[in-house]
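# Residue-level structural notes
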Amino acid sequence: MKKTALFLCLFLGIFTFSQQIERFTTILNDKISIRAIEIYDNKVWYSGTDSKFGFVDLKDPEHKNQIKLSDEKLQFRTLAQDKDFFYAANIESPARFFKIDKKNLTYQIVFTDVSKGAFYDAFHFVSNNLAFAFSDTDDARLKLAMYKNGEWSFFQNNIKLNEGEAAFAASNTNIASTKKYLWIATGGKSSRILRLNFKNNQIDVFNIPIIQGESSQGIYSIDFLDNKFGIAVGGDYTKQEANINNIATTNDGGETWQIQASGRNGGYTTCVRIKPNSKGKEIIAVGDQHISYSSDSGKTWKKISGEKGFFVCQWIDGNTLVFAGKDKISVMKLKF
């Protein structure tokens, strides 16, 4: 009887799992680590290790192209786009900002940061005329490179970071924006939310009760639905299974945060993405050892895959996602 009950439980678990994931297909295999992706023209565009940049066609994966942006073995963990170009900045100094033409993949370096501490964690376009790139710093102050109306500069501010407060270039997603705000998530020994108001260019800093205190802890990724609802995820990359105080949500634009599903989620998480047109209800999260799904704005989570080695994800449409990470890009089709 016990064996029968166990078999039924296993069968039902597999049945539920198979009903949720309709298809999970790898469309690129390569010797590369990918932590930044963009969707454009029905293609997945990526940047990664060994100076690699390229695309895979979502409709025809055999249609793909890859170039090297440098003869040096640069490592890219950022990627952003405007209407006509892609932009990628390499980690470590000197950091070079590459501008890549979407039509012919020709490229040029448009900005260089030679400071010793240069390490760009995320690159984000708010609009075609405004973008920000977030870097580690030499002097314990917030460092943002800014593109505005065709010009590059550093965004002037007086925000001082706490001791051990930095950022994680885990998935190019510790920056998010709406038309009103830009949010930046820091991590490490001190993990906080910084919110830039575009109206007055003022930055407010808010505490968050997510796990922090060690250099490997804190927020790794954020996403916002609108000016009010947002989600932050992270954990400790040295303790992949640890899932205490690693997910939090806000309903007031980041001013206050509530811990969600502590002890009841997939663990260390590098990327979180709210499903478009779901009113913030449906969310996907990915870590090195799990892909998890929430249907109630992050309050509860279900691990839908134990596939390892993914760092970043993006919704393609309401039922389809793309995942990228160590040596691969894959597409998941969900059935609801």
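Residues numbered from 1 in each chain as written. Predicted model: local features only at pLDDT ≥ 70, side-chain atom pairs only at ≥ 80, totals over all residues. Heavy atoms only, no water.

### Some points on the overall build of the protein chain
Counting its regular elements, the protein chain contains 1 helix and 28 strands. Expected size for 336 residues packed as a compact globule is a radius of gyration near 20 Å; at 20 Å, the protein chain falls within 12% of this value. Dimensions of the protein chain along its principal axes, counting C-alpha atoms only, are 70 × 45 × 35 Å. In the protein chain, 46% of the contacts between residues at least 6 apart in sequence involve partners at least 24 apart. Accessible area for the protein chain stands at about 15400 Å²; split by element, carbon and sulfur atoms hold 49% of it. The averaged location of the 36 negative side-chain charges in the protein chain is 5 Å from the averaged location of its 43 positive side-chain charges. (Helix = DSSP H or I, 4+ residues; strand = E, 2+ residues; numbered from the N terminus. Rg over C-alpha atoms; globule rule 2.2 N^0.38 Å. Contact = heavy atoms within 4.5 Å. Areas by Shrake-Rupley, 256 points an atom, 1.4 Å probe, with all protein chains shown as cover. Lys, Arg positive; Asp, Glu negative; His and termini not counted. Charge placed at Lys NZ, Arg CZ, Asp CG, Glu CD.)

### Section: the pairing of strand β17 (residues 192–197)
Within β17, 6 of the 6 residues are buried, which leaves it mostly tucked inside the rest of the structure. Where burial is concerned, the two faces of β17 agree: the one with Arg192, Leu194 and Leu196 and the one with Ile193, Arg195 and Asn197 are both buried. With 5 bridges connecting them, strand β15 (residues 181–185) and β17 associate as antiparallel partners. Its bridge partner lying in β17, tryptophan 183 is registered against arginine 195. Linking β17 back to strand β18 (residues 202–207) in an antiparallel pair, the connection comprises 4 residues, with asparagine 201 at a positive phi of about 60°. (Buried < 20%, exposed > 50% of the residue type's maximum accessible area, 1.4 Å probe, protein only. Pairing = 2+ DSSP bridges.)

### Considering the packing of aromatic side chains
Scanning all chains against the criterion turns up 33 aromatic pairs. When the centroid spacing of 5.9 Å and the interplanar angle of 85° are considered together, the rings of phenylalanine 123 and tryptophan 152 count as edge-to-face. A residue pair is termed long-range when its members are at least 10 positions apart, and phenylalanine 123 in strand β9 (residues 120–127) and tryptophan 152 in strand β12 (residues 151–154) qualify at 29 residues. Taking the relative accessible area as the measure of exposure, tryptophan 152 reaches 17% and is therefore buried. Here the aromatic cluster, defined as three or more aromatic residues joined through ring pairs, consists of Tyr87, Phe97, Phe111, Tyr120, Phe123, Phe125, Tyr147, Trp152 and Phe154. Note that arginine 35 overlies the ring of phenylalanine 311, its terminal NZ or CZ placed 3.9 Å from the centroid. A cation over an aromatic ring shows up here: lysine 275 above the ring of phenylalanine 336, its NZ or CZ 4.1 Å from the ring centre. (Phe/Tyr/Trp six-rings, centres within 6.5 Å; stacked < 30°, edge-to-face > 60°. Lys NZ or Arg CZ within 6 Å of the ring centre and 35° of its normal.)

### Re the nonpolar core
Among the nonpolar cores identified, the biggest contains 27 residues, and Ile37, Tyr46, Ile284, Ile291, Ile304, Phe323 and Ile329 are the most heavily contacted of them. Listed by contribution, the elements that provide at least two residues to this core are β1 (21–40), β2 (43–48), β24 (283–287), β25 (290–294), β27 (310–315) and β28 (320–334). The biggest single contributor to this core is β28, with 8 residues. (Core = buried A, V, L, I, M, F, W, Y, C linked by side-chain atoms within 4.5 Å.)

### A word on the environment of isoleucine 316
Note on placement: isoleucine 316 falls in the loop between β27 and β28. Not counting residues up to four positions away in its chain, the partners in contact with isoleucine 316 are Ile39, Leu58, Leu321, Val322 and Val331.

### Considering the sheet that holds β9
Reading across the sheet, the 4 strands line up as β9-β10-β11-β12 and stay open at both edges, with antiparallel pairing between neighbours. Of all strands in the sheet, those with a lone pairing partner are β9 and β12, marking the two edges. When strand polarity is set aside, the average angle formed by the axes of neighbouring strands in this sheet is 15°. When β9 meets strand β10 (residues 130–135), the two strands line up antiparallel, connected through 6 bridges. Bridging from a neighbouring strand, phenylalanine 125 pairs with alanine 131 of β10. (Axes fitted to C-alpha atoms, helices over the stretch in contact; angles between N-to-C directions.)

### Notes on the pairing of strand β23 (residues 271–274)
Burial along β23 is two-sided: Cys271 and Arg273 and Val272 and Ile274, pointing in opposite directions, are all buried. Pairing of β23 with β24 involves 4 bridges; the strand directions are antiparallel. Paired with isoleucine 274 across the bridge in β24 is isoleucine 283.

### Considerations on the confidence of the model for the protein chain
For the protein chain, mean pLDDT is 94; residues scoring 70 or higher make up 94% of the total. Mean pLDDT values for the elements of the protein chain range from 41 in helix α1 (residues 2–20) up to 99 in strand β21 (residues 247–250). Counting interchain partners and residues more than four positions distant, the pLDDT-below-50 stretch residues 1–19 has 4 contacts. (pLDDT = per-residue confidence, 0-100.)

### A look at the pattern of salt bridges
Where charged atoms from two side chains of opposite charge approach closely, those side chains can pair. Going through the model one piece at a time under the given rule, you end up with 14 salt bridges. In this structure, the salt-bridge partner of arginine 195 is glutamate 255, at a minimum N-O distance of 3.4 Å. Here arginine 195, found in strand β17, pairs with glutamate 255, found in the loop between β21 and β22 (258–259); they are 60 residues apart in sequence, far enough to count as distant. Taking relative accessible area as the criterion, arginine 195 reaches 6% and is therefore assigned buried. Overall, the relative accessible area of 41% leaves glutamate 255 in the partly exposed class. (Salt bridge = Lys/Arg side-chain N within 4 Å of Asp/Glu carboxyl O.)

### Digging into the state of the cysteines
Going through the model one piece at a time under the given rule, you end up with 0 disulfides. Among the cysteines around cysteine 271, which has no disulfide bond, cysteine 313 carries the closest sulfur, lying 3.8 Å off. The exposure class of cysteine 313 is buried, given its relative accessible area of 1%. (Disulfide = S-S within 2.5 Å.)

### With respect to the sheet that holds β1
Across the sheet, 6 strands lie side by side as β4-β3-β2-β1-β28-β27; this open sheet has antiparallel pairing. Two strands bound the open sheet, and with one partner strand each, they are β4 (64–68) and β27. The mean angle between the axes of side-by-side strands here comes to 25°, regardless of whether they run parallel or antiparallel.

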